[in-house]
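Observations on chain architecture
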Amino acid sequence: MIDGYVLPWWEILLAYRAYNLWKTVWFSITNKEGKETIVRDLRILRDSFQYNIEAFVVDGWPSILAAIREVYPKAVIQRCLVHVQRQVFNYVSRNPKTEAGKDLVRIMNYPVLSNPKAFPRLFEEWKEKYFLFLIEKSVSCLGKRIFKHTSLRKAIRHIENALPDMYHFASDSEIEKSTNKLEWFFWVLTEEWILEHKWLSKKRLRSFVALWIYFRNNR
């Protein structure tokens, strides 16, 4: 599992956690969640630690996807289902006003979303049902014809981009389908421990994070 977390001093903690070992096998602290940093980290895991990683569970951030494909091109990428759901809700909200939006929210319910047979079928049926609505256009203030329902169209693109990698391990109960457990693990660090020590200098903050991860790994 790979994810990034915001720290004080405008820095990002990149965490790499093996779900089968329940250990954070690597981390780095950087000023951005860029591809170059993640490529460097993955090369350390591959070349220095000899990790033959066969599957990644990630949120779909483009830099993470690109880095994995460069360093571990044969690895299977499992998109975090919770992040897919969360991003769609960011686009259309949990209480949309249109019928199309309300129906989309219904099928984004996690038990449906995590069903590899039900969700793709319901999603295609939803697109077909609201096809004419989704292609409606209006005239912008510049006199150009633009699509009216941009939030729904963004949600569609997000789902379509994620779908090929949403159900690789649907029948494997030992592989996580989301990064929720990783997020919760580091939420304790970022929202509780660091808030209590928010006046640490940048150097001491990095040492604090390293020690926290070390002792959590060895509990």
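Criteria and thresholds
Residues numbered from 1 in each chain as written. Predicted model: local features only at pLDDT ≥ 70, side-chain atom pairs only at ≥ 80, totals over all residues. Heavy atoms only, no water. Helix = DSSP H or I, 4+ residues; strand = E, 2+ residues; numbered from the N terminus. Contact = heavy atoms within 4.5 Å. Areas by Shrake-Rupley, 256 points an atom, 1.4 Å probe, with all protein chains shown as cover. Buried < 20%, exposed > 50% of the residue type's maximum accessible area, 1.4 Å probe, protein only. Phe/Tyr/Trp six-rings, centres within 6.5 Å; stacked < 30°, edge-to-face > 60°. Lys NZ or Arg CZ within 6 Å of the ring centre and 35° of its normal. Core = buried A, V, L, I, M, F, W, Y, C linked by side-chain atoms within 4.5 Å. Salt bridge = Lys/Arg side-chain N within 4 Å of Asp/Glu carboxyl O. Axes fitted to C-alpha atoms, helices over the stretch in contact; angles between N-to-C directions. Parallel < 35°, antiparallel > 145°, perpendicular 65-115°, else oblique. Left-handed = near helix turned anticlockwise from the far one by under 90°. Nonpolar A, V, L, I, M, F, W, Y, C, P; charged D, E, K, R; others polar.

We now examine the overall build of the protein chain. Regarding its fold elements, the protein chain presents ten helices and seven strands. Expressed as lengths along the three principal axes of its C-alpha atoms, the size of the protein chain is roughly 55 × 40 × 30 Å. In the protein chain, once contacts between residues fewer than 6 apart in sequence are set aside, the share between residues at least 24 apart is 55%. Counting only carbon and sulfur atoms, one obtains 54% of the accessible surface of the protein chain, whose full area is about 13000 Å².

Let's shift gears to unusual backbone geometry. Positive phi outside glycine occurs at Trp22, with the angle close to 50°. Note on placement: Trp22 falls in the loop between strand E2 (11–18) and strand E3 (23–30). Accessibility expressed as a relative area gives 34% for Trp22, which makes it partly exposed. A positive phi angle, near 70°, is found at Ser93, a position not held by glycine. If you trace the backbone, Ser93 turns up in the loop between helix H3 (81–92) and helix H4 (99–107).

What the rule picks out here adds up to seven aromatic pairs. Taken together, a centroid distance of 6.2 Å and an interplanar angle of 15° make the contact between Phe123 and Trp126 stacked. Taken as a pair, Phe123 and Trp126 lie in helix H6 (residues 118–129) at a separation of three residues, close to a single helical turn. Between Tyr214 and Phe215, the aromatic rings sit 5.2 Å apart at their centres with planes inclined by 75°, giving edge-to-face as the arrangement. In this structure, Lys137 is placed above the aromatic ring of Phe147, and the distance from its NZ or CZ to the ring centre is 4.8 Å. The ring centre of Phe147 lies 3.5 Å from the NZ or CZ of Arg153, which sits over that ring.

If you look at the biggest cluster of nonpolar residues, it comprises 24 residues, and the most contacted ones within it are Leu104, Met108, Phe119, Phe123, Trp126, Ile159 and Met166. When sequence neighbours within four positions are dropped, the list of residues in contact with Phe123 reads Ile107, Ile156, Ile159, Glu160 and Leu163. Formed by 22 residues, the second largest nonpolar core is a distinct cluster that contains Tyr5, Ile175, Phe208 and Ile213.

This next bit is on the pattern of salt bridges. One side chain can pair with another of opposite charge once the charged atoms of both are near each other. All told, the structure shown has twelve salt bridges when counted by the stated rule. One salt bridge in this structure joins Glu125 and Arg121, with 3.4 Å as the shortest N-O distance. A residue pair is termed a helical-turn pair when its members lie 3 or 4 positions apart in one helix, as Glu125 and Arg121 do in helix H6 at four residues. Note that Glu136 is salt-bridged to Lys148, the shortest N-O span being 3.7 Å. Taken together, the residues span a long stretch of sequence, with Glu136 in the loop between helix H7 (131–134) and strand E6 (137–139) and Lys148 in the loop between strand E7 (145–147) and helix H8 (150–162) at a distance of twelve residues. Of the residues examined, Glu136 reaches a relative accessible area of 30% and is grouped as partly exposed. Three or more residues joined by partner-sharing salt bridges are found here, namely Lys35, Arg43 and Glu70.

Okay, the environment of Val92 next. As for its placement among the helices and strands, Val92 is situated in helix H3. Excluding anything up to four places from it in sequence, Val92 contacts Leu104, Val105, Ser151, Leu152 and Ala155.

Between H3 and H8, whose axes approach to 8 Å, the crossing angle comes to 165°. Compared by their axis directions, H3 and H8 come out roughly antiparallel. Considering only the axes of H3 and H8, their crossing is right-handed. Facing His83, Val84, Gln87, Val88, Tyr91 and Val92 of H3, the residues of H8 in contact are Ser151, Leu152, Lys154, Ala155, His158, Ile159 and Ala162. Class assignment for the residues of the contact of H3 with H8 results in eight nonpolar, four polar and one charged.

By themselves, these observations are geometric and do not establish any function.
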